[in-house]
Amino acid sequence: MEKQEYTITLYTENSIGMIGRISGIFSRRKINIESLNTSPSEVEGIHRFTILIHESEEVVRKLCRQIEKQVEVLKAYYNTDEELIWQEQALYKVPTNIIAEKAPVERLLREYGASAVVIRNDYTVFETAGHREEIDKLTAELTKYGLIEFVRGARIAIIKDSAGFHTKLKQFEKEEPAPEIVENEYLDQRDNVFTM
C-alpha cells in the first residue's frame with residue numbers, strides 16, 4: 001500500500017506518562033512521528049493529541065486500534081490532509097537592520113502574514129501560521145537575508161466533518177452505565193470461591 005501523510009487525533013485522560021506510552025507504541029512499530037502536539041480539548045479533563053505520520057492506511061488503522069487499547073485513551077481518529085483544517089506555526093529571528101534596509105523582506109513578511117512579536121535593535125522575531133509548504137518557502141527566502149534562527153511548531157488540526165468530542169461523550173453517557181445493574185453472584189461466597 002502507498003504511504004501518505006495521516007494526522008492521528010487522540011482523546012485521552014490527562015494522566016502522567018501518556019506521551020511516553022503513546023510514543024512507545026510508535027517506536028515499537030518503527031514509525032517516525034513527524035510532529036506531535038498535545039493540548040486540552042473542548043471537554044474539561046480530556047486532552048487532545050495531534051500526531052502527524054507518513055504511513056499506509058492499513059498500518060494507521062491498526063495503529064489506532066492498538067492505541068485505543070490503552071486504558072486512558074478514549075478515542076483515536078485518523079484523517080488525510082483533505083479531511084482536515086490544519087496549520088503549523090513558526091517563529092523567525094531576522095536581523096532588524098535587514099528589515100529596515102531591504103523593502104523586499106518587508107513585502108515578503110507581509111505576503112506570508114507574518115507579524116512582529118519582538119523588535120530589538122539587533123534582531124526582530126516574527127511569527128506566522130500556515131501549511132508546511134508555505135512555512136518552508138518563507139524560511140528559504142529569509143535564509144537569503146540572514147535568517148538567524150527558525151522554529152516550527154507541531155501541526156494542529158480540526159476534523160472538518162466532526163461535531164466535536166463532547167457529542168461523542170454525550171453518546172457514551174446515554175449508553176453507559178448499563179440499564180440494569182448486574183450483581184456478582186459470587187460476591188457473598190468469598191470463602192467458598194477462593195479456598196483450595
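The name given to the chain in an unreviewed UniProt entry is Acetolactate synthase small subunit, with the source organism recorded as Sphingobacterium allocomposti. We quote the UniProt Catalytic activity (unreviewed entry) comment for the chain here in full: "2 pyruvate + H(+) = (2S)-2-acetolactate + CO2". Quoted verbatim from the Sequence similarities (unreviewed entry) field of the UniProt record, the comment on the chain reads "Belongs to the acetolactate synthase small subunit family."

Asker: Would you explain the packing of aromatic side chains in this entry?
Answerer: Geometry of an aromatic ring pair is reported as the spacing of the ring centres plus the angle between the planes. All chains considered together, the criterion is met by three aromatic pairs. Ring plane angle 85° and centroid distance 6.3 Å describe the contact between Tyr-11 and Tyr-77, whose orientation is recorded as edge-to-face. With Tyr-11 in strand β1 (residues 4-13) and Tyr-77 in strand β4 (residues 73-79), this pair connects stretches of sequence that are 66 residues apart. Taking relative accessible area as the criterion, Tyr-11 reaches 3% and is therefore assigned buried. Here Tyr-77 falls in the partly exposed class, since its relative accessible area comes to 22%.

Asker: I'm lost on the pattern of salt bridges in this one. Help?
Answerer: Once the charged atoms of two side chains with opposite charge are near each other, the side chains can pair. In the structure shown here, the tally under the stated rule is 15 salt bridges. With a shortest N-O distance of 3.0 Å, Glu-72 and Arg-21 are connected by a salt bridge. With Glu-72 in the loop between α2 (57-68) and β4 and Arg-21 in helix α1 (residues 18-28), this residue pair connects regions lying 51 residues apart in the sequence. Taking relative accessible area as the criterion, Glu-72 reaches 19% and is therefore assigned buried.

Asker: Honestly, α2 in this entry has me stumped. Any pointers?
Answerer: Residues lying three or four places apart along an α-helix face the same way, a consequence of the helix completing one turn every 3.6 residues. For α2, with 12 residues, the first-to-last C-alpha span of 17 Å sits near the 16 Å given by 1.5 Å per residue. Along α2, the positions that sit buried rather than exposed are Val-60, Leu-63, Cys-64 and Ile-67. Down the axis of α2, the buried set is contained in an arc of 100°. They therefore lie on one face. The inward-facing, buried residues of α2 contact β1, α1, β3 (46-55) and β4.

About the criteria used
- Residues numbered from 1 in each chain as written.
- Predicted model: local features only at pLDDT ≥ 70, side-chain atom pairs only at ≥ 80, totals over all residues.
- Heavy atoms only, no water.
- UniProt positions renumbered as here; feature names shortened; annotations may be inferred.
- Phe/Tyr/Trp six-rings, centres within 6.5 Å; stacked < 30°, edge-to-face > 60°.
- Helix = DSSP H or I, 4+ residues; strand = E, 2+ residues; numbered from the N terminus.
- Buried < 20%, exposed > 50% of the residue type's maximum accessible area, 1.4 Å probe, protein only.
- Salt bridge = Lys/Arg side-chain N within 4 Å of Asp/Glu carboxyl O.
- Expected span 1.5 Å × (residues − 1).
- Arc of directions from axis to C-beta.
- Contact = heavy atoms within 4.5 Å.

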